Amino acid sequence: MTRRLTGLLLIGVLLLVTVLLSIAVGSRTIPFGDVVSALGGTGSPDDVVTVREMRIPRTVLGLIAGAALGLAGALMQTLTRNPLADPGIFGVNHGAAAGVVLAITVFGVTSPAGYVWFAFAGAVLATLIAYGASAGRGGTNPARLALAGIAVQFALAGVNQALQLADRGALDQMRYWIVGSIANRETETLWRLAPFFAAGILLSLVLARNLNALALGDDTARALGAGVGATRVLALAAVTLLCGAATAACGPLAFIGLMVPHIVRAFTGPDQRWVLPFSMLLAPVVLLGADVIGRVVARPAELQVGIVMDVIGGIVFIAIVRARRVVHL
Amino acid sequence: MNAVPPRAFVVTTAMAVALLVMAAFTLTTGDFPVPLADVITAIVGDAPPAAEFVVGTLRLPRLLVAVLAGAGLGAAGAVMQSLSRNPLGSPDMIGFTTGAATGGIAAILLTAGGTLGTSLGAAAGGLCTALLILLLVGRRGLGGYRLVLVGVGISTVLMAVNGYLLTRAALGDAQRAVAWQVGNLSGRDWTHVTTVAVTLAVLLPLIMLFHRRMSMLELGDDTATALGVGVLATRIVPILASIGLIAAGIAMAGPIPFVALAAPHLARRLTRHPGPNVLPAAVTGALLTVVSDFAAQHALSVQLPVGIVTSVFGGVYLVSLLIVQRRSRRA
């Protein structure tokens, strides 16, 4: 119990610090005092615009998308009993990307707020295919899941590239979308997606108890009175809602959902009623932290958070694979 | 070498015949149809100038690059799958292809990319990735899923790098980089053909020298040692040779995905023969590439790069493989 409280306290402090950093630090240097006055609406107009219209929305998006991806990752790992499950590895990103390319080339959609729905649909479809191809009774084997993800990725990447080659304008928009970022995404997008985020978060928190039962095996879960089939379907629905919405809002962001639950379980143990909320709180820390890193390492330019996440996450992924014999969770 | 099993011989010959038929078909078909007789005279060197140009300059080099690069990929995939004792040990799965793409894209963007620069970049990128993966996986992990998982991790990182490079490029450069990255056979000329042909002519016989020893190695290191096989050399030489084959193929045709994975699978199913099946895999690889390129050129009203066809079919193939495997395990 004390371990969990310490963890909670630690995560709370970290969250506060990263939010402050995300508002105070950027590729354009503003002294902290000026940031505070800009927050209040006084100070030089440039600072006010930078802080209130760029950094705050960016931070809010990071918080929400991070929470969604962290939850989705934790859910996926439990659902598939697979320590390597992650939206990115599932091929969700390429699904969303295919949706966006189709929106641009075939339907002539030009604004990001417009292609949100296509990204969303693509993400949902890819999740279902990868899960369907890899799932067997009682969970999926880590390698099969990764393979199904790769297969979906290859097939979709082929389609994406074909469409981009045929349409120069699409390539120009896609190459910026495909590296996930939380900067300069329109606030309108976030509002449109808010109901999906809310539904996904609520659904997953409600499911925590049943997921605990499911972790004991299907038979035991049934004996404990948890609806096995219903829990699986609802959890998968929550995952698709969360990943779809996050990817639609930010573009592809891999590995957050993979790393965060691993760190969280060190504090909480396997109880989903703790793992899920903790993941939801820790993931924004990771996302915003990576975003802040991306803002400062390449000054005066910025490195998109998607790239920072991929590099850090890839290293962590390989470390996990190397550290233990990957077995069913 | 009198131990060539009859079934493997028949399968390989049948594939080769199919390849010839397909080749003849490819050379005659197109916006400017050339009758078969003219194709033959054009190759021999005494045809109407128009047919001479269409066949000798446009269609034949493209076809030959497809055949040779495909054969190289198939043979290399067979070697890798045999030596790693892993049906998924192919350059696509372990991030080799993505690494080569990173090198190629970097070369296109940094050096304003002539063909030579791109090829060297791709080969260097692929080699570095292969070495990194071998280091990370370690000697023991080669046979297991660890290889695939480490490869997945590396590919993801490299894909991010590729994406980043594209955002940094001018639009025209980005377009060329994407076009190359897909795996493309259009506009190949005779220099491409010679490069792949020379590599294949040197490295394929080298691999064949080790063919018997590789079959024995599949029985396990200890058994192979007892049978008098030098384990280390039997690993290293064919692996290096197949990396060379893949690098040459990627350099000349771009990273055509999945041929190196699928060709050995199909070959093994058809010959039903244990061992690396290098030659059947090479012929299958050539056939797959030629058929895919034909489909890419003629299936739709627009011409597609061959890599898109192999990528889509490869993805579908892998998904169905997983589903079939699951079914058979349940039963």
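Q: Describe the overall build of chain B, naming the residues involved and giving the relevant values.
A: What chain B contains, in helices and strands, is 14 helices and 0 strands. The linear arrangement of helices and strands in chain B, starting from the amino end, is α-α-α-α-α-α-α-α-α-α-α-α-α-α. Relative to the globule expectation of 20 Å for 331 residues, the C-alpha radius of gyration of chain B, 20 Å, shows essentially globular dimensions. On the principal axes, the C-alpha backbone points of chain B span a range of 60 × 55 × 40 Å. Taking all contacts inside chain B whose residues are at least 6 apart in sequence as the whole, residues at least 24 apart take part in 76%. On chain B, roughly 14,100 Å² of surface is accessible, and the fraction owed to carbon and sulfur atoms is 71%. Each charge sign in chain B was given a centre, from 20 positive and 11 negative side chains, and these centres are 18 Å apart.

Q: Quick rundown of the interface of chain A and chain B? Include the residues and the values.
A: With 42 residues of chain A at the contact, the number on the chain B side is 49 residues. Carbon and sulfur atoms supply 74% of the area that chain A and chain B bury against each other, a total of about 4,000 Å² over both sides. Where chain A meets chain B, there are 0 salt bridges. On inspection of chain A and its partner chain B, the count reaches 2 residue pairs in polar contact (both at pLDDT 80 or more). For the side of chain A that touches chain B, the secondary-structure elements that each account for two or more residues are α5 (112-134), α6 (142-166), α7 (168-177) and α13 (305-323) of chain A.

Q: Requested: an account of the packing of aromatic side chains, with residues and values cited.
A: Residues and elements named next belong to chain A. Tallying each qualifying case throughout the model produces 6 aromatic pairs over all chains. Centroid distance Phe255 to Phe317: 6.0 Å. Interplanar angle 55°. Geometry classified as tilted. With Phe255 in the loop between α10 (228-250) and α11 (256-268) and Phe317 in helix α13, this residue pair connects regions lying 62 residues apart in the sequence. For Phe255, a relative accessible area of 1% corresponds to the buried category.

Q: Would you mind going over the environment of A:Leu287 in detail, with residue names and values included?
A: Mapped onto the fold, A:Leu287 is located in helix α12 (residues 272-297). In this view, A:Leu287 contacts A:Gly62, A:Ala65, A:Gly66, A:Leu253, A:Ile256, A:Val305 and A:Met309; residues no more than four positions away in its chain are not counted.

Q: So what about the environment of A:Ala96? Which residues, and what values?
A: Residues and elements named next belong to chain A. Assignment of secondary structure puts Ala96 in helix α4 (residues 92-105). Each C-alpha atom of the pair Ala96 and Gly244 lies 7.5 Å from the other, and the pair is 148 residues apart in sequence. Non-local contacts of Ala96, meaning those with residues more than four positions away in its chain, are made with Ala119, Gly122, Ala123, Trp177 and Thr247.

Q: Give me helix α3 (residues 49-83) of chain B: which residues, what numbers.
A: Residues and elements named next belong to chain B. Taking 1.5 Å of rise per residue, the 35 residues of α3 would be expected to cover 51 Å, and the 49 Å separating its terminal C-alpha atoms lies within 8% of that figure. The largest bend in α3 is about 40°, located at Arg59, with the proline Pro61 one to four residues further on. Counting buried positions over the 35 residues of α3 gives 28, a clear majority of the element.

Q: Pulling in residues and values, what's your account of the packing of helix α3 (residues 45-79) of chain A against helix α8 (residues 187-214) of chain A?
A: Residues and elements named next belong to chain A. At a closest axis distance of 10 Å, the pairing of α3 and α8 adopts a crossing angle of 30°. By crossing handedness, the relation of α3 to α8 is classed as left-handed. On the side of α3, the interface is formed by Pro57, Val60, Leu61, Ile64, Ala65, Ala68, Leu71, Leu75 and Thr78, while α8 contributes Thr187, Leu190, Phe197, Ile201, Ser204, Leu205 and Leu211.

Q: So, the nonpolar core: which residues are in play, and what are the values?
A: Counting residues in hydrophobic clusters, the biggest one holds 112 residues, and the most contacted among them are A:Phe317, B:Met93, B:Val278 and B:Leu318. At 18 residues, the largest contribution of residues to this core is made by α3(B). Core analysis: the second largest hydrophobic core is formed by 82 residues, A:Val19, A:Leu190, A:Leu211 and A:Leu242 among them.

Q: Break down helix α11 (residues 231-253) of chain B for me, with residues and values.
A: Its 23 residues place the ends of α11(B) 33 Å apart at the C-alpha level, agreeing with the 33 Å of an ideal helix rising 1.5 Å per residue. Phi turns positive, to about 80°, at B:Gly254, one or two residues after α11(B).

Q: Would you mind going over unusual backbone geometry in detail, with residue names and values included?
A: Residues and elements named next belong to chain B. Phi angles above zero are rare outside glycine, and Arg272 is one such case at about 50°. With respect to the helices and strands, Arg272 occurs in the loop between α12 (259-271) and α13 (278-298). Take Arg272: its relative accessible area is 65%, and that puts it in the exposed class. In this structure, Asn277 takes a positive phi of about 55° despite not being glycine. Tracing the sequence through the fold places Asn277 in the loop between α12 and α13.

Q: Which residues make up the pattern of salt bridges, and what are the values?
A: All names here are of chain A. Under the defined criterion, the tally for this structure stands at 7 salt bridges over all chains. Across the salt bridge formed by Glu302 and Arg58, the nearest N and O atoms sit 3.1 Å from each other. Remark: Arg58 occurs in helix α3 and Glu302 occurs in the loop between α12 and α13; sequence separation between them is 244 residues. Asp291 is paired through a salt bridge with Arg295; the nearest N and O atoms lie 2.9 Å apart. Separated by 4 residues within a single helix, Asp291 and Arg295 lie in helix α12, roughly one turn from each other. The class for Asp291 is buried, based on a relative accessible area of 1%. Residue Arg295 is classed as buried on the basis of its relative accessible area, which comes to 1%.

Definitions and limits used
- Residues numbered from 1 in each chain as written.
- Chains lettered and ligands numbered in written order.
- Predicted model: local features only at pLDDT ≥ 70, side-chain atom pairs only at ≥ 80, totals over all residues.
- Heavy atoms only, no water.
- Helix = DSSP H or I, 4+ residues; strand = E, 2+ residues; numbered from the N terminus.
- Rg over C-alpha atoms; globule rule 2.2 N^0.38 Å.
- Contact = heavy atoms within 4.5 Å.
- Areas by Shrake-Rupley, 256 points an atom, 1.4 Å probe, with all protein chains shown as cover.
- Lys, Arg positive; Asp, Glu negative; His and termini not counted.
- Charge placed at Lys NZ, Arg CZ, Asp CG, Glu CD.
- Buried area = accessible area lost by both parts, 1.4 Å probe.
- Salt bridge = Lys/Arg side-chain N within 4 Å of Asp/Glu carboxyl O.
- Polar contact = N/O pair within 3.5 Å; in protein donor to acceptor, adjacent residues only side chain to side chain.
- Phe/Tyr/Trp six-rings, centres within 6.5 Å; stacked < 30°, edge-to-face > 60°.
- Buried < 20%, exposed > 50% of the residue type's maximum accessible area, 1.4 Å probe, protein only.
- Expected span 1.5 Å × (residues − 1).
- Bend = angle between axes of the 7 residues up to and from the residue.
- Axes fitted to C-alpha atoms, helices over the stretch in contact; angles between N-to-C directions.
- Left-handed = near helix turned anticlockwise from the far one by under 90°.
- Core = buried A, V, L, I, M, F, W, Y, C linked by side-chain atoms within 4.5 Å.

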